[in-house]
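Analysis of the macromolecular model
Single-letter residue listing:
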There are 2 protein chains.
Amino acid sequence: MNSLHNLQSKPPSFGGVGGGLGFSIILASKSPRRQELLRDLGLKFTVQSMDIPEIFPEGMGMTEIPVYLADLKAEAFRPQLKENQLIITADTIVWLEGKVLNKPTDYADGFRMLRDLSGKKHQVLTGVCLLSKEKTVSFYASTDVWFKELSDKEINFYLENYRPYDKAGAYGIQEWIGYIGIHRIEGSFFNVMGLPVQDLYEHLKVF
Amino acid sequence: MNSLHNLQSKPPSFGGVGGGLGFSIILASKSPRRQELLRDLGLKFTVQSMDIPEIFPEGMGMTEIPVYLADLKAEAFRPQLKENQLIITADTIVWLEGKVLNKPTDYADGFRMLRDLSGKKHQVLTGVCLLSKEKTVSFYASTDVWFKELSDKEINFYLENYRPYDKAGAYGIQEWIGYIGIHRIEGSFFNVMGLPVQDLYEHLKVF
């Protein structure tokens, strides 16, 4: 159970606040975090997803990768796209010292990642693509995240209890490891969770 | 319903990660946000509270006020404190352009506060006091928060639907207004919610 559940006293709504959105919105993401963030932003949408390999050209830069992958995921929907449908895709990467940290393949991989992140600043970038029949808009948000020095005990406790195998960089900022390990961020918190909701709201208002 | 509820898959626990804490912990705060944040940090505790007027000496500085008030709240428990009890108190202030924004007294006051915060950076500071029979530790955390320009429509929508009359500065970062309005913070997100859990964890480990 997470605290934040009870803290948002009412379901939010886009109603009356712009973002008319004559579109039928499809979130193309299996991430439960993204689905909940989009819902809490006040949007009505359905979820569809395809398995698109998250492969990007070698040598691609930190800010290009997540946009490239979000675009790739969106383009896969283009052939079946109907009028009045709007696809939202997103891709989040964790960037540490010039390299991407993917989802951990196993316990040892997760341990290695958290050991690498410990005591350092890293970047979390989310690329987002909005695609309709007439228009495509892509953008990204970047947040700097600082981990304190994590003990092996803390890393093991987290991996054993939270099994973050679906999370880039092997952690969720909204989970225990984020509570005890992250003392500072610069940028959007929700971006680190997987969706830069403030930027998305602005782009949707004028789409 | 808030997204973050479902995102923390397991109740966390301090177990095995230090913070031995032979103490029986009492959180002296009526804030449901603080209660949930402390629970999600993995602590077992009970809640007691007293009504202490949140009054501080004139001319007191931004970083002194929340610590002064947290200390004040803790000291009120000293006469009844038992061996092995640890009191945790906290006070959060919103600081905008040299002044404290309190909890809004009514709709018009809340509107005025959000209009003032719109398009600007402000500071959120939480003072925390840990008090046992033998020891007192106080500290604070500060986070810079940036609001985008809010429209009257957005402010009205938020006030009508969320009624943030228990919140300093008339907003909750974890609510709809935080999703659509806050694009950047520098510091701890959970501090803005009312408790700097990472710092608290460190202080508790060595208390």
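Just so you know, these numbers come straight off a predicted model, no measurement behind them.

The next subject is the nonpolar core. Tyr171 of chain A together with Tyr171 of chain B are the most contacted members of the largest nonpolar core, which totals 97 residues. Excluding residues within four positions of it along the chain, Tyr171 of chain B makes contact with Leu114, Leu117, His122, Val124, Val145, Phe147, Tyr158, Pro164, Ile177, Ile182 and Val192 of chain B.

All names here are of chain A. The phi torsion at Glu97 lies on the positive side, around 50°, for a residue other than glycine. With respect to the helices and strands, the residue Glu97 is situated in the loop between strand E3 (85-96) and strand E4 (99-101). The class of Glu97 is exposed, set by a relative accessible area of 58%. The phi torsion at Arg163 lies on the positive side, around 45°, for a residue other than glycine. Mapped onto the secondary structure, Arg163 falls in the loop between helix H5 (152-162) and helix H6 (176-181).

All names here are of chain B. At a closest axis distance of 10 Å, the pairing of helix H4 (residues 107-117) and helix H5 (residues 152-162) adopts a crossing angle of 135°. One element, H4, and the other, H5, form an angle in the oblique class. H4 and H5 meet at a crossing whose hand is right-handed. The segment H4 lies against H5, with Tyr107, Gly110, Phe111, Leu114 and Arg115 engaging Asp152, Ile155, Asn156, Tyr158, Leu159 and Glu160. Looking at the contact of H4 with H5 residue by residue, the class counts come to six nonpolar, two polar and three charged.

Moving on: the environment of Asp91 of chain A. All names here are of chain A. Its location among the elements puts Asp91 in strand E3. For the pair Asp91 and Ala70, spaced 21 residues apart in sequence, the C-alpha to C-alpha distance is 5.3 Å. Look past the residues within four positions of Asp91 in its chain and what remains in contact with it is Arg34, Glu54, Pro66, Leu69, Ala70, Lys73, Leu125, Thr126 and Gly127. At a separation of 3.0 Å, a polar atom in the side chain of Asp91 contacts the side chain of Lys73.

A few words on the confidence of the model for chain A. Residue and element names in this part refer to chain A. The predicted model of chain A averages 90 in pLDDT, with 90% of residues at 70 or higher. Scored below 50 in pLDDT, residues 1-13 shows 56 contacts in the model against residues more than four places distant or in partner chains. Taken together, the stretch residues 15-20 has pLDDT below 50 and engages in nine contacts with residues farther than four places along the chain or on a different chain. Taken together, the chains of this predicted complex give a pTM of 0.89 and an interface ipTM of 0.87.

Before going further, it helps to spend a moment on helix H8 (residues 197-205) of chain A. Buried within H8 of chain A we find Val197, Gln198, Leu200, Tyr201 and Leu204 of chain A. The buried residues of H8 of chain A occupy an angular sector of 160° when projected down its axis, which confines them to one face.

Right, let's get into the packing of aromatic side chains. The tally for this structure, following the rule as stated, stands at 17 aromatic pairs over all chains. On the numbers, 5.6 Å between centres and 80° between planes, the contact of Phe189 of chain A with Phe190 of chain B is edge-to-face. Note that Phe189 of chain A is positioned in helix H7 (residues 189-193) and Phe190 of chain B in helix H7 (residues 189-193), a pairing that runs across two chains. We note that Phe189 of chain A, like Phe190 of chain B, is buried. Considering the side-chain rings of Tyr201 of chain A and Trp176 of chain B, the 6.2 Å spacing of their centres and the 85° angle between planes classify their relative orientation as edge-to-face. One end of the pair, Tyr201 of chain A, is in helix H8; the other, Trp176 of chain B, is in helix H6 (residues 176-181), on a second chain. When its relative accessible area of 0% is taken as the criterion, Tyr201 of chain A is described as buried. Under the relative-accessibility criterion, Trp176 of chain B is labelled buried at 0%. Members of the aromatic cluster, joined through ring pairs, are Tyr179, Phe189 and Phe190 of chain A together with Tyr179, Phe189 and Phe190 of chain B.

Calculation criteria
Residues numbered from 1 in each chain as written. Chains lettered and ligands numbered in written order. Predicted model: local features only at pLDDT ≥ 70, side-chain atom pairs only at ≥ 80, totals over all residues. Heavy atoms only, no water. Core = buried A, V, L, I, M, F, W, Y, C linked by side-chain atoms within 4.5 Å. Buried < 20%, exposed > 50% of the residue type's maximum accessible area, 1.4 Å probe, protein only. Contact = heavy atoms within 4.5 Å. Helix = DSSP H or I, 4+ residues; strand = E, 2+ residues; numbered from the N terminus. Axes fitted to C-alpha atoms, helices over the stretch in contact; angles between N-to-C directions. Parallel < 35°, antiparallel > 145°, perpendicular 65-115°, else oblique. Left-handed = near helix turned anticlockwise from the far one by under 90°. Nonpolar A, V, L, I, M, F, W, Y, C, P; charged D, E, K, R; others polar. Polar contact = N/O pair within 3.5 Å; in protein donor to acceptor, adjacent residues only side chain to side chain. pLDDT = per-residue confidence, 0-100. Arc of directions from axis to C-beta. Phe/Tyr/Trp six-rings, centres within 6.5 Å; stacked < 30°, edge-to-face > 60°.

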